[in-house]
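One-letter residues, chain by chain:
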Amino acid sequence: MAEGFEFRGHRLRLIGPQGIFKPAFLEMPISITTVPVVEGKPRPYDDEIGTEGTIKYRYRGTEPEHPDNAGLRRVMRERVPLIYNYGIVPGEYLPVWPVYVVADDRASLLFHVAVDEPRLVERVRGVEGVDVEETARRSYVTIAAKRRLHQEAFRERVLRAYREICAICRLRHRVLLDAAHILPDGHPAGLPVVSNGLSLCKLHHAAFDRNILGIRADLTVDIRLDILEEEDGPMLEHGL
């Protein structure tokens, strides 16, 4: 994304050093970026989902007429799609496309951004107004996309913390590893942070979530007694 590609004699990159990125030779921004979470450090800008199902994307600085903010305002007026680069970990971003700036809240110094489906980009361009169906669709797609981004960021941070090894069986195959929440999403303290995560293979993750196994405060792994008393094949005896 940082390397980009040749476009009309220029090197076009898809991500820049600032959050709102407009290449010098283009008229409007092409991407917006949310920096990754670093444990123990707050984001400089906190872009979250609002109750109306859009991403709240902060202005550049506090001046509404800053060129970057004016650029996003033009993108909104002309209904031009953008790339949303969501920071997973430092140096790695997950791009989401297309996203649209759908509202400008000057009082709160933020834009409202909605994710849409790639197959509908051409239909959106040049169409006046936004209908109820489009608003509802984008709200649904945006919430689903942001949930996926949060899950991916949580997984990446937890797997890195555990050096890509299952905490129970030491399996090292990344494609078979998950980031499990110690306290679930619905719990008041069930935050998607490394201290609330375990790197587990898919078998042990499923067993953990269903209370077939648990981990005590002294790091002892317990298997539920009725499971231990079962007679089964080698997977139950050795795998679980």
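Only a predicted model underlies this, so the values are computations on that prediction, with no experimental measurement involved. (Residues numbered from 1 in each chain as written. Predicted model: local features only at pLDDT ≥ 70, side-chain atom pairs only at ≥ 80, totals over all residues. Heavy atoms only, no water.)

Asks: Please clarify how the environment of R73 should be interpreted in this entry.
Replies: Along the polypeptide, R73 turns up in helix 1 (residues 67-78). Since its relative accessible area comes to 7%, R73 is described here as buried. In the structure, R73 is positioned 28 residues away from V101 in sequence and 7.8 Å away in space, judged by C-alpha atoms. Those residues in contact with R73 that lie beyond four places of it in its chain are Y59, P64, E65, D104, R106 and F111. (Helix = DSSP H or I, 4+ residues; strand = E, 2+ residues; numbered from the N terminus. Buried < 20%, exposed > 50% of the residue type's maximum accessible area, 1.4 Å probe, protein only. Contact = heavy atoms within 4.5 Å.)

Asks: Would you mind showing me how to read a nonpolar patch on the surface here?
Replies: On the surface, I215, L219 and V221 cluster together to form a nonpolar patch covering roughly 260 Å² of accessible area. Along the polypeptide, L219 turns up in the loop between strand 11 (213-215) and strand 12 (221-223). (Patch = residues over 30% accessible without salt bridge, like charges linked within 9 Å, V, L, I, M, F, W, Y side chains within 5 Å. Areas by Shrake-Rupley, 256 points an atom, 1.4 Å probe, with all protein chains shown as cover. Salt bridge = Lys/Arg side-chain N within 4 Å of Asp/Glu carboxyl O.)

Asks: Would you mind going over the side chain of R138 with me for this structure?
Replies: Looking at the secondary structure, you find R138 in helix 3 (residues 132-161). A distance of 2.9 Å separates polar atoms of two side chains, one belonging to R138 and the other to D116. (Polar contact = N/O pair within 3.5 Å; in protein donor to acceptor, adjacent residues only side chain to side chain.)

Asks: It is not clear to me how unusual backbone geometry should be interpreted in this structure. Could you clarify?
Replies: Among all residues except glycine, the phi angle is most often negative; among peptide bonds, the trans geometry is most common. A cis geometry characterises the amide bond from W97 onward to P98, with omega recorded as 0°. Looking at the element boundaries, P98 is found in strand 7 (residues 92-105). The residue R170 is not glycine, and still its phi comes out positive at about 70°. Position of R170 among the secondary structure elements: in the loop between helix 3 and strand 9 (177-181). A positive phi angle, close to 60°, is found at N211, a residue other than glycine. One can find N211 in the loop between helix 4 (202-209) and strand 11. Looking at N211, the relative accessible area reads 57%, which means it is exposed.

Asks: Explain the packing of aromatic side chains here, please?
Replies: Enumeration according to the criterion identifies two aromatic pairs in this entry. Aromatic pair Y59 and F111: ring centres 4.8 Å apart, planes at 40°, arrangement tilted. Of this pair, Y59 sits in the loop between strand 5 (55-58) and helix 1 while F111 sits in strand 8 (residues 110-115); the two residues are 52 residues apart in sequence, bridging distant segments of the chain. Neither Y59 nor F111 differs from the other in exposure class; each is buried. Seen from their ring centres, Y84 and Y86 are 6.2 Å apart, and the 65° between their planes marks the pair as edge-to-face. Pair check on accessibility: Y84 and Y86 agree, each one buried. Sitting over the face of the ring of Y100, R138 holds its NZ or CZ atom 4.3 Å from the ring centroid. (Phe/Tyr/Trp six-rings, centres within 6.5 Å; stacked < 30°, edge-to-face > 60°. Lys NZ or Arg CZ within 6 Å of the ring centre and 35° of its normal.)

Note that every value here comes from positions in space, so none of it alone points to a role or purpose.
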